[in-house]
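Each chain, written out:
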Amino acid sequence: MTTETRLRIAMQKSGRLSDDTQSLLKRCGLKLNVSDRRLLAHVSNMPIDIMRVRSSDIPGLVMDGVCDLGIVGDNTLEEAALERQLMGSKSEYIKTSPLNFGGCRLSIAMPEEFNYQGVDSLNGLRFATTYPQLLKRFASQNGINVDFCMLNGSVEVAPRVGLADGICDLVSTGTTLEANGLKEVEIIFRSTASLIQTVEQLSPKKQSILNTILPRIQGVMKAKESKYIMLHAPKDRISEVSALMPGKETPTILPLAGRDDLVAVHVVATETIFWETMEALKSLGCNSILVMPIEKMMG
Ligand code: AMP
């Protein structure tokens, strides 16, 4: 059982996930000051410490039980787990909650002129990558042999300078591939950020802190995806209006002062509201259509 009374969370110090992670923790009500250079930041209003480290160090810190929780990309997590299994180090963790940021995919990309005819055409080739274990797993699952060279950045440049035939790297928008004359030929892993937890049993004190912050994290995630919609609708078209609302919540119908023909409809929509939906609502005779962000949700 872990003994300290302050829950320790590992997060990325700087990089693609750090802003979203920091904002998630703040929206969960954690008061933290990470503007200084200290790598261990105390949360002033809860018994929590935030350890700010390199992404690739987070899985090991959680797997070894040095940190109780970690927020890390699935790509980094899976690569570290495979590597630690190979080395015989501890590689277990609990996936406490997926998080809805840091979405990307790990893909194999080849020069534009490469004649891609399916996975077999990658057999015997050499790839520049930061993810050799995920690449090797993909190759063995597909019955091909590949060679690799490790690069920790600027992977996309490798084919052009003759270092490799292709690359296996993270793709988010695809802009970097295009700018470097590469085309995506296989997606080998899809990733988002995750909240992970050590497999070691937490002390009752730490468990109770986790029990407090976990519903908050899930509430922030849910709120981010949801919108509050308010509109005025013709009374006789309520069922058509309700059918257009994305999400499963039952709408609240309220009378409008001095109007017998119109009612106010309020609903929490759990999906994106497209302009087309708003236009369809308008054509049913709705007006004053407001779509608002939700800050927090519980229950
Ligand atoms: P993009 O041009 O948006 O496809 O981004 C590709 C570049 O950003 C590549 O150099 C990737 O290594 C890097 N990248 C994309 N997504 C992530 C991520 N979630 N974490 C770290 N690096 C990423």
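If you're wondering where the values come from, they're calculated on a predicted model, not measured in any experiment.

Definitions and limits used
- Residues numbered from 1 in each chain as written.
- Predicted model: local features only at pLDDT ≥ 70, side-chain atom pairs only at ≥ 80, totals over all residues.
- Heavy atoms only, no water.
- Helix = DSSP H or I, 4+ residues; strand = E, 2+ residues; numbered from the N terminus.
- Rg over C-alpha atoms; globule rule 2.2 N^0.38 Å.
- Contact = heavy atoms within 4.5 Å.
- Salt bridge = Lys/Arg side-chain N within 4 Å of Asp/Glu carboxyl O.
- Buried < 20%, exposed > 50% of the residue type's maximum accessible area, 1.4 Å probe, protein only.
- Arc of directions from axis to C-beta.
- Expected span 1.5 Å × (residues − 1).
- Near = heavy atom within 4 Å.
- Polar contact = N/O pair within 3.5 Å; in protein donor to acceptor, adjacent residues only side chain to side chain.
- Areas by Shrake-Rupley, 256 points an atom, 1.4 Å probe, with all protein chains shown as cover.
- 1 Å grid on protein atoms, 1.4 Å probe; cavity = no way out; pocket = protein on both sides within 12 Å on 5 of 7 lines; lining within 4 Å.
- Sits in = over half its atoms within 2 Å of the grid points.
- Nonpolar A, V, L, I, M, F, W, Y, C, P; charged D, E, K, R; others polar.
- Pairing = 2+ DSSP bridges.
- Axes fitted to C-alpha atoms, helices over the stretch in contact; angles between N-to-C directions.
- Core = buried A, V, L, I, M, F, W, Y, C linked by side-chain atoms within 4.5 Å.

### Some details on the overall build of the chain
Now for step 1: A tally of regular secondary structure across the chain gives eight helices and 15 strands.
Now for step 2: A compact globule built from 299 residues should have a C-alpha radius of gyration of about 19 Å, whereas the chain, at 24 Å, is more than 25% larger.
Now for step 3: For the chain, the spread of C-alpha atoms along the principal axes amounts to about 75 × 55 × 35 Å.
Now for step 4: Expressed as a percentage of contacts within the chain between residues at least 6 apart in sequence, the contacts between residues at least 24 apart total 70%.

### A word on the pattern of salt bridges
Now for step 1: Here the structure, examined in full by the defined rule, presents 10 salt bridges.
Now for step 2: Close ionic contact of Asp-64 with Arg-84 constitutes a salt bridge, the shortest N to O distance being 2.5 Å. In this pair, Asp-64 sits in the loop between α2 (58-63) and β4 (69-73) while Arg-84 sits in helix α3 (residues 74-87), placing the two residues 20 residues apart along the sequence.
Now for step 3: What makes Asp-64 partly exposed here is its relative accessible area of 35%.

### Overview of helix α8 (residues 275-283)
Now for step 1: Inspection of α8 places Thr-277, Met-278 and Leu-281 among the buried residues, and these make up the whole buried set. All buried residues of α8 fall inside an arc of 100 degrees around its axis, so they share one side. Among the exposed residues of α8, those pointing more than 90 degrees away from its buried face are Trp-275, Glu-276, Lys-282 and Ser-283.
Now for step 2: For α8, the elements touching its buried residues are β12 (227-234), α7 (238-244) and β15 (287-293).
Now for step 3: Two residues or fewer after α8 comes Gly-285, characterised by a positive phi angle close to 100 degrees.

### Describing α3
Now for step 1: For α3, built from 14 residues, the straight-helix expectation of 20 Å at 1.5 Å per residue is met to within 8% by its first-to-last C-alpha distance of 20 Å.
Now for step 2: By the criterion of burial, α3 is predominantly enclosed, with 10 of the 14 residues buried.
Now for step 3: Along α3, the positions that sit buried rather than exposed are Asp-74, Asn-75, Thr-76, Leu-77, Glu-78, Glu-79, Ala-80, Ala-81, Leu-82 and Arg-84.
Now for step 4: A positive phi of about 75 degrees marks Gly-88, the residue just after α3.

### Comments concerning the site of the ligand
Now for step 1: The environment of the ligand is formed by Arg-16, Gly-102, Cys-104, Glu-156, Asp-169, Leu-170, Val-171, Ser-172, Thr-173, Gly-174, Thr-175 and Thr-176.
Now for step 2: In this structure, an oxygen atom belonging to the ligand sits 2.9 Å away from a side-chain N or O atom of Glu-156.
Now for step 3: Between the ligand and Ser-172 there is a distance of 2.8 Å, counted from an oxygen atom to a backbone nitrogen or oxygen.
Now for step 4: Contact with the protein chains covers 77% of the free accessible surface of the ligand, which is 490 Å².
Now for step 5: Spatially, the ligand is embedded in the largest pocket.
Now for step 6: Listing elements by their share of the shell around the ligand, those giving two or more residues are β9 (166-171) and α5 (175-179).
Now for step 7: Counting residues per element, the shell around the ligand draws most heavily on β9, which supplies three residues.
Now for step 8: Among the residues forming the shell around the ligand, the class breakdown is three nonpolar, six polar and three charged.

### A short note on the sheet that holds β9
Now for step 1: Judged by pairing direction, the sheet is mixed, and its five strands sit side by side in the order β8-β7-β9-β6-β10 without closing on themselves. Each edge of the open sheet is held by one strand with a lone partner, namely β8 (147-150) and β10 (182-191). Sheet twist, expressed as the average angle between the axes of neighbouring strands with direction ignored, equals 30 degrees.
Now for step 2: Here four bridges tie strand β7 (residues 126-129) to β8, and the two strands are oriented parallel to one another. Paired with Ala-128 across the two strands is Cys-149, which belongs to β8.
Now for step 3: Running over the sheet, α3 touches β6 (104-111), β9 and β10 and is turned about 75 degrees from β10.
Now for step 4: Each of β6, β7, β8, β9 and β10 touches helix α4 (residues 132-141); the most contacted strand, β10, lies at about 100 degrees to it.

### Considering the sheet that holds strand β13 (residues 252-256)
Now for step 1: The strand order across the open sheet built from four strands is β13-β14-β12-β15, with neighbouring strands paired in antiparallel fashion. Each edge of the open sheet is held by one strand with a lone partner, namely β13 and β15. Taking the axes of each pair of neighbouring strands and ignoring which way they run, one obtains an average angle of 20 degrees across the sheet.
Now for step 2: Here eight bridges tie β12 to strand β14 (residues 259-269), and the two strands are oriented antiparallel to one another. Paired with His-232 across the bridge in β14 is Ala-264.

### Some points on the nonpolar core
Now for step 1: Leu-24, Leu-30, Ile-48, Ile-50, Leu-99, Phe-101 and Ile-213 are the most contacted members of the largest nonpolar core, which has 29 residues in total.
Now for step 2: Secondary-structure elements contributing two or more residues to this core are β1 (7-12), α1 (18-27), β3 (48-53), β4, β11 (193-197) and α6 (204-225).
Now for step 3: At seven residues, α6 tops the list of elements feeding residues into this core.
Now for step 4: Sequence-distant contacts of Ile-50, that is, excluding residues within four places in its chain, are made with Ile-9, Met-11, Leu-25, Leu-32, Leu-39, Leu-40, Ala-41 and Val-43.

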